[in-house]
Each structure stands twice: as C-alpha cells, then as structure tokens.
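These are the residues of each chain, in order.
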Amino acid sequence: MKAIGFRTSFPVDHEESFIEFESQIPEAKGTDLLVKIQAISVNPVDFKIRQSAAKDTVLADPKVIGWDAVGIVEAIGEKVSLFKVGDTVFYAGDITRSGSNAEYQLVDENIVGFAPKTTTISQAAAMPLTSLTAWEILFDRIRINPEKDKGKSVLIIGGAGGVGSVAIQLAKKIAGLKVIATASRPETINWCKKMGADVVVNHFDLVKEVREAGFENVDFILDFVDTNKYWDVMAELIKPQGHIASITGSSEPVALNKLKNKSVSFSWELMYTRSMFQTADKIEQHHILNRIADLLDEGVVQSTLITTLKGLTTENLKEAHKLLESGKTIGKIVIEY
C-alpha cells in the first residue's frame, strides 16, 4: 500500500517534510478493523507531531501520522463484534499507533463509529476528532446535564476552529446553552454565527467584550486556544462554582489558586486518553461517533468541512499542514482519495 510519512521533523516547506513510500498492508487481529481509507482530515495535532516527533534525528522507518478517516472495512480481527466487512466507518484513531495518512489502517473497533449516511465522504471525514473532543469536554469533563443546565452560559474561546465549530453546535443544540464564541475577523465571526453562536465577541479584550454583551460572568468556559494566555481572563469571567475546561495544554504551571475562592472546577480534555490508556470505558467513543453520525443524518449538526483537496499526495499534505500552521483556518480541511 501507499503511505506518506516523515523520517525527520522538517519545516513544512522542506522537500522531505513528507515522503511517500510503499508498505505492507497490515493484518487485522483481535478487535482491530482493517479499513480501506477513502478520505482523511487534518488537525493541529498533526502538524504539532510532525514538528516534534523526529526533531534532530532520522527515524529508521517513516512515521505515519493522521487522526481522522472515513473508509470501508476490508477485514476484521477474530474478536470483532461491532462491525462486518463492507461497513462504512469513521474514526479519529489512536495516537499511539500508525496514522491515517495511508491507503489502509488498523484501528480498534471500540473507537470507531458507523459513518453518517447522508453526508459526502469528505463531510464525514471532517468530523471524528473534533466531534469526540467537543462531546467529551462538554459531557464527560464538565458533565453538562441538558435538563439541569439548559439556559446556562458557555464561553467558547476559539469558536471558528475545528473543535470550536462543533462545540458551538453541541452546546447550543444538544446542551441547550447560551453560547458566546470568540472570533475577530469578519469571516470567522460569520462562521461562528452560522454554527449557532448566540453572541460573538472579540478575544483581544475579552472581559470587556463579554460584559458589554450582557454577561457579568459565565457558567462554563471552553478554551481551545491558549490556557496560559487566557488564564487570568477565564478566572475573572467564570461564575462561582463554574467549570473551566481546556484542550490546549500548558507550557507553564497553571495557577489553580486563582479559582479557589470561587470554588471553580478545572478539567483537561484529551480525546486520546481512552485509547492511550485503554480505559474500561473506551467503547464510549464508538457510541459518541454513532450519536454524531445520527445528528448529522438528522440535520441537527452540520459538517464543518471547508476545504477539500483531491488525492493522497505529499503535496496535498504539505498544503493542508501549511494552512493549519497559519492559524487562520476556519472549520476543517479534508483530503479525499
């Protein structure tokens, strides 16, 4: 099979930032599915790992990344019970295993869902990683209860990005929250409104903007941009007994003491936790993806696809990574085979 990877962490414009090579099609065993991939999408995690996984070294075997895919089940392991050969599936995969930038991939059935039936392949490929992240941060980390929390407010920092685009929709349409999203350019403001945000504020003076929009404090905050940069702002804007959650990580210690007097909760969200640590509830990602597929088919949630590139090539992967590294992308970029 054809695969695309890298041996050294080069800048994206370097001739060998991605290299194409031939590899054996892997064999499905245990609970693994062998998926013939039809389309993939790219996420910030892709370029971050490309930049760091082989720094100042040359790998003996190229590293294949990529964590979003749609495809057809070509073969199944002897312990598979959720899928059969011929099923169309979508998934975000497992960061500890070989990625989706290839013609075939092995993936554990417990973190795979049935692809939506009414979308295009590209529209479906745009959704797994961001949908899992947005769902988990809202319903597994903050543990929002749509019946109890309906009408409460959520501030989403980074509303126009891949995760923010899905989080706006789920927070509004499933959780029933009042959604405040951040954006600064006309095109990102319009995108957030299209996704369903009730209010869009500029992140350059967030406290002032949120309060001028009529919110002295907010019940929940989702950080999809920079925990350190917005920490003091989040600590000021969160309501007493509120909850802040972030996906961005932190290069410096987080000053949790700033949340003490308000009894505010804080959570990290990493979509790969369940697969990395083989948690007892890892099958929840199968259920979440199936729910997302249903929501897409019902028209409750819309795909966040913006750009489609045709063909699994080094040129297309470089272009996708370059766009993501600009920090100005809206929604998702998909490469359709």
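Just above, that's the structure.
Along each chain, the written sequence defines residue order, and numbers are assigned to residues from 1. In keeping with the model being predicted, local features are shown solely for residues with a pLDDT of at least 70 and side-chain atom pairs are shown and tallied solely at 80 or more, while totals for entire chains, interfaces and linings include all residues. Working from all heavy atoms in the structure, the side-chain values ignore hydrogens and water.

### Side note on the pattern of salt bridges
Here is step 1: Here a salt bridge means any side-chain nitrogen of Lys or Arg lying within 4 Å of a carboxyl oxygen belonging to Asp or Glu. Overall, the coordinates contain 20 salt bridges when judged by the stated rule.
Here is step 2: One salt bridge in this structure joins Arg274 and Glu136, with 2.9 Å as the shortest N-O distance. With Arg274 in helix H9 (residues 273-276) and Glu136 in helix H3 (residues 128-141), this pair connects stretches of sequence that are 138 residues apart. The two residues Arg274 and Glu136 agree in class, both being buried.
Here is step 3: Put simply, Glu212 and Lys208 hold a salt bridge, and the shortest N to O gap is 3.2 Å. Note that Glu212 and Lys208 are positioned in helix H7 (residues 206-212) at a spacing of four residues, about one turn of the helix.
Here is step 4: The classification of residues rests on relative accessible area computed with a 1.4 Å probe and restricted to protein chains. Under 20% of the type maximum is buried, over 50% is exposed, and intermediate values are partly exposed. For Lys208, a relative accessible area of 44% puts it in the partly exposed group. Each helix corresponds to a stretch of at least 4 residues labelled H or I by DSSP, and each strand to a stretch of at least 2 residues labelled E; elements are numbered beginning at the N terminus.

### A closer look at a negative patch on the surface
Here is step 1: Like charges are joined within 9 Å and nonpolar side chains (Val, Leu, Ile, Met, Phe, Trp, Tyr) within 5 Å, but only among residues with over 30% relative accessible area and no salt bridge; these make up the patches. Note on areas: Shrake-Rupley with a 1.4 Å probe; residue coverage comes only from the protein chains shown. Charge counting follows a simple rule: Lys and Arg are positive, Asp and Glu are negative, and His as well as the terminal groups are ignored. For this purpose, a charge sits on NZ of Lys, CZ of Arg, CG of Asp or CD of Glu. Negative charge collects at one region of the surface, where Glu20, Glu22, Glu103 and Glu315 lie side by side.
Here is step 2: Considering the arrangement of structural elements, one finds Glu22 in strand E2 (residues 19-22).

### Looking at the packing of aromatic side chains
Here is step 1: Each aromatic pair joins two rings of Phe, Tyr and Trp (for Trp, the six-membered one) with centres within 6.5 Å, and gets the label stacked for planes under 30 degrees apart, edge-to-face for over 60, and tilted for any other angle. According to the stated counting rule, one finds five aromatic pairs in the structure shown.
Here is step 2: The interplanar angle of 80° and the centroid separation of 4.9 Å between the aromatic rings of Phe266 and Trp268 together place this pair among those described as edge-to-face.

### Some words on the sheet that holds strand E12 (residues 238-246)
Here is step 1: Pairing between strands requires that DSSP locate at least two bridges from one strand to the other. Pairing is parallel in the open sheet, where six strands are placed in the order E10-E9-E8-E11-E12-E13. Of all the strands in the sheet, the pair left with one neighbour each is strand E10 (199-201) and strand E13 (265-268). Within this sheet the neighbouring strands show an average axis-to-axis angle of 20°, counted without direction.
Here is step 2: Direction of pairing for strand E8 (residues 153-157) relative to strand E9 (residues 178-182): parallel, over a ladder of four bridges. Bridging from a neighbouring strand, Leu155 pairs with Ile180 of E9. In this description, a line fitted to the C-alpha atoms serves as the axis of each element, helices being fitted only across the stretch in contact, and the angle between N-to-C directions of two axes falls anywhere from 0 to 180 degrees.

### Things to note about the side chain of Thr8
Here is step 1: Assignment of secondary structure puts Thr8 in the loop between strand E1 (2-5) and E2.
Here is step 2: Definition of a polar contact: a pair of N or O atoms within 3.5 Å, with one able to donate and the other able to accept a hydrogen when the atoms are protein atoms, and with sequence-neighbouring residues admitted only if both atoms are side-chain atoms. Here Thr57 takes part through its backbone oxygen, which lies 2.9 Å from a polar atom of the side chain of Thr8.
Here is step 3: Contact definition: two residues touch when any of their heavy atoms are within 4.5 Å. Once you skip the residues sitting within four places of it in the chain, Thr8 turns out to touch Ala54, Thr57 and Val58.

### Some points on unusual backbone geometry
Here is step 1: If you check the backbone angles, Asp56 has positive phi at about 60° while not being a glycine.
Here is step 2: Within the element layout of this structure, Asp56 appears in the loop between helix H1 (44-52) and strand E4 (69-76).
Here is step 3: The residue Arg143 is not glycine, and still its phi comes out positive at about 60°.
Here is step 4: Residue position: Arg143 is located in the loop between H3 and helix H4 (146-149).
Here is step 5: Take Arg143: its relative accessible area is 65%, and that puts it in the exposed class.

### Some words on the layout of surface pockets
Summary: where empty space remains is shown by rolling a probe the size of a single water molecule over the atoms.
Here is step 1: In this analysis a 1.4 Å probe is tested at points of a 1 Å grid over the protein atoms alone, and where it fits but cannot get out there is a cavity; an open set with protein on both sides within 12 Å along at least five of seven lines is a pocket; lining residues have an atom within 4 Å of a point. Grid points are joined across faces, edges and corners, and a volume is the space filled by probe spheres set on the points. If you add up the space inside the largest pocket, you get close to 1400 Å³.
Here is step 2: What lines the largest pocket is a set of 48 residues, and nearest its centre among them are Pro44, Lys48, Phe224, Val225 and Thr248.
Here is step 3: For the lining of the largest pocket, the secondary-structure elements that each account for two or more residues are H1, H3, helix H5 (162-173), helix H8 (227-237) and helix H11 (314-325).
Here is step 4: Think of it as three bins: nonpolar holds Ala, Val, Leu, Ile, Met, Phe, Trp, Tyr, Cys and Pro, charged holds Asp, Glu, Lys and Arg, and polar takes everything else, Gly as well. Across the lining of the largest pocket, the residue classes break down as 19 nonpolar, 21 polar and eight charged.
Here is step 5: By volume, the second largest pocket amounts to about 180 Å³.
Here is step 6: Met1, Pro26, Ser98, Gly99 and Tyr104 are, among the 14 residues lining the second largest pocket, the residues nearest its centre.
Here is step 7: Per-element tally for the lining of the second largest pocket: the top contributor is strand E6 (residues 104-108), with three residues.
Here is step 8: The class makeup of the residues in the lining of the second largest pocket is nine nonpolar, four polar and one charged.

### Observations concerning the packing of H5 against helix H6 (residues 186-195)
Angle between the axes and distance between the axes are the two parameters that describe a pair of packed helices.
Here is step 1: Relative orientation of the contacting elements H5 and H6 amounts to 35°, with a least axis distance of 8 Å. In this structure, H5 crosses over H6, and the sense of that crossing is right-handed. Here Ser165, Ile168 and Gln169 of H5 lie close against H6, whose contacting residues are Trp191, Cys192 and Met195. By definition, turning the near helix anticlockwise from the far helix through less than a right angle yields a left-handed crossing, and turning it clockwise yields a right-handed one.

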